[in-house]
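Letter by letter, the chains look like this.
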Amino acid sequence: MLNIVIFGAPGSGKGTQSERIIAKYGLNHISTGDVLRAEIKNGTELGKVAKGYIDQGQLLPDALIIDILASVLDSFKESKGVIFDGFPRTIPQAEALKKMLNERGQDVSVMLDLDVPEAELIERLIKRGQESGRADDNMETIKKRLVVYNEQTSPLKDYYKTEGKYQHINGVGTMEAIFAEIASAIDKL
Ligand code: AP5
Ligand code: MG
């Protein structure tokens, strides 16, 4: 069972590389951001709550996002493993993930940290905002998302180093070259 945490700042390529990992390894994918955007699109109560946080570049409360994660995880039957994209984003979320997997006799296999300098992150997100119009891809919200990432999410690098699960990935270059580094890390597991 391969349980991969794909990690990195906003715009680091988590979604882009997840697609390639799924195609090669046949895993299930949970992107908490995609789940929340679907709820917003469908106009659900959860979507209304989520929109308030996402538009401000802030994280949803841990308890709420952990419940969502647990229910998506339960929906996967006969899974070869899961890519966790955009989760965990805080230490309590990482601890909850560990507990959920341990209860299923599993664990996180690896945490892949896509490392991209901030100037390039901003450039990618501004470009995507102009092309496809994700509501949080504007300069003001991007800056808030980066602050939240640096303060609340990046400490997870040390958490996974302590767990012996941390793997650095150079997130700059062609999508193919980055995927080659990811695949070689996965194949060593
Ligand atoms: P989420 O949807 O997870 O957004 P994010 O972390 O800000 O990251 P992105 O999806 O913007 O970037 P990505 O790393 O997936 O990069 P991508 O492949 O798209 O979360 C959104 C919000 O939801 C949060 O702010 C929060 O409010 C809430 N939320 C979600 N999860 C939560 C949680 N666990 N707890 C609490 N709240 C939560 O690539 C970006 C762009 O770059 C694309 O246009 C792509 O084409 C391009 N690109 C990719 N790779 C390359 C490359 N190698 N070279 C050039 N361009 C590239
Ligand atoms: Mg994404």
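Look a little higher up for the structure.
Below, the structure is looked at part by part. (Residues numbered from 1 in each chain as written. Chains lettered and ligands numbered in written order. Predicted model: local features only at pLDDT ≥ 70, side-chain atom pairs only at ≥ 80, totals over all residues. Heavy atoms only, no water.)

### What about the packing of helix H1 (residues 14-25) against helix H9 (residues 175-187)?
- Their axes nearest at 10 Å, the elements H1 and H9 cross at an angle of 50°. Comparing the axis directions of H1 and H9 gives the class oblique. Between H1 and H9 the crossing geometry is right-handed. Facing H1, whose interface residues are Thr16, Gln17, Arg20, Ile21, Lys24 and Tyr25, H9 presents Met175, Glu176, Ile178, Phe179, Ile182, Ala183, Ile186 and Asp187. (Axes fitted to C-alpha atoms, helices over the stretch in contact; angles between N-to-C directions. Helix = DSSP H or I, 4+ residues; strand = E, 2+ residues; numbered from the N terminus. Parallel < 35°, antiparallel > 145°, perpendicular 65-115°, else oblique. Left-handed = near helix turned anticlockwise from the far one by under 90°. Contact = heavy atoms within 4.5 Å.)

### Observations regarding the packing of helix H6 (residues 118-131) against helix H7 (residues 139-153)
- With their axes 10 Å apart at the nearest point, H6 and H7 run at an angle of 140° to one another. Between H6 and H7, the angle is such that the two are oblique. In this structure, H6 meets H7 at a crossing whose hand is right-handed. On the side of H6, the interface is formed by Glu118, Leu121, Ile122, Leu125, Ile126 and Arg128, while H7 contributes Met139, Ile142, Arg145, Leu146 and Asn150.
- Its residues assigned to classes, the contact of H6 with H7 shows seven nonpolar, one polar and three charged. (Nonpolar A, V, L, I, M, F, W, Y, C, P; charged D, E, K, R; others polar.)

### Considerations on the site of ligand 1
- For ligand 1, the set of nearby residues contains 30 residues, the closest of which are Thr16, Thr32, Gln58, Arg89 and Arg128.
- Here Arg128 contributes a side-chain N or O atom positioned 2.7 Å from an oxygen atom of ligand 1.
- If ligand 1 stood free it would expose 1,000 Å²; the protein chains cover 88% of that surface.
- Counting only elements with at least two residues in the shell around ligand 1, the list comes to H1, helix H2 (32-41), H6 and H9.
- For the shell around ligand 1, the element with the most residues is H2, which contributes four residues.
- In terms of residue class, the shell around ligand 1 is made up of 11 nonpolar, 11 polar and eight charged. (Near = heavy atom within 4 Å. Polar contact = N/O pair within 3.5 Å; in protein donor to acceptor, adjacent residues only side chain to side chain. Areas by Shrake-Rupley, 256 points an atom, 1.4 Å probe, with all protein chains shown as cover.)

### Here's the deal with the pairing of strand E1 (residues 2-8)
- For E1, the buried fraction is high: seven of the seven residues fall into the buried class.
- Side chains Leu2, Ile4, Ile6 and Gly8 of E1 all project onto a buried face; the interleaved residues Asn3, Val5 and Phe7 project onto the opposite face, where all are buried too.
- Sheet topology places E1 next to strand E3 (residues 81-85); five bridges connect them, and they run parallel. Residue pairing across strands places Ile4 opposite Ile83, the latter belonging to E3. (Buried < 20%, exposed > 50% of the residue type's maximum accessible area, 1.4 Å probe, protein only. Pairing = 2+ DSSP bridges.)

### Some details on the packing of aromatic side chains
- Counted under the stated rule, the structure contains two aromatic pairs.
- Measuring from centroid to centroid gives 6.0 Å for Phe7 and Tyr149, while their planes differ by 45°, and the two rings are tilted. Separated by 142 residues along the polypeptide, Phe7 in strand E1 and Tyr149 in helix H7 bring together distant segments of the chain. Neither Phe7 nor Tyr149 differs from the other in exposure class; each is buried.
- Residues Tyr159 and Tyr160 carry aromatic rings whose centres are separated by 5.0 Å and whose planes lie at 80° to one another, so their mutual orientation is edge-to-face. You'll find Tyr159 and Tyr160 in the same group, each marked buried. (Phe/Tyr/Trp six-rings, centres within 6.5 Å; stacked < 30°, edge-to-face > 60°.)

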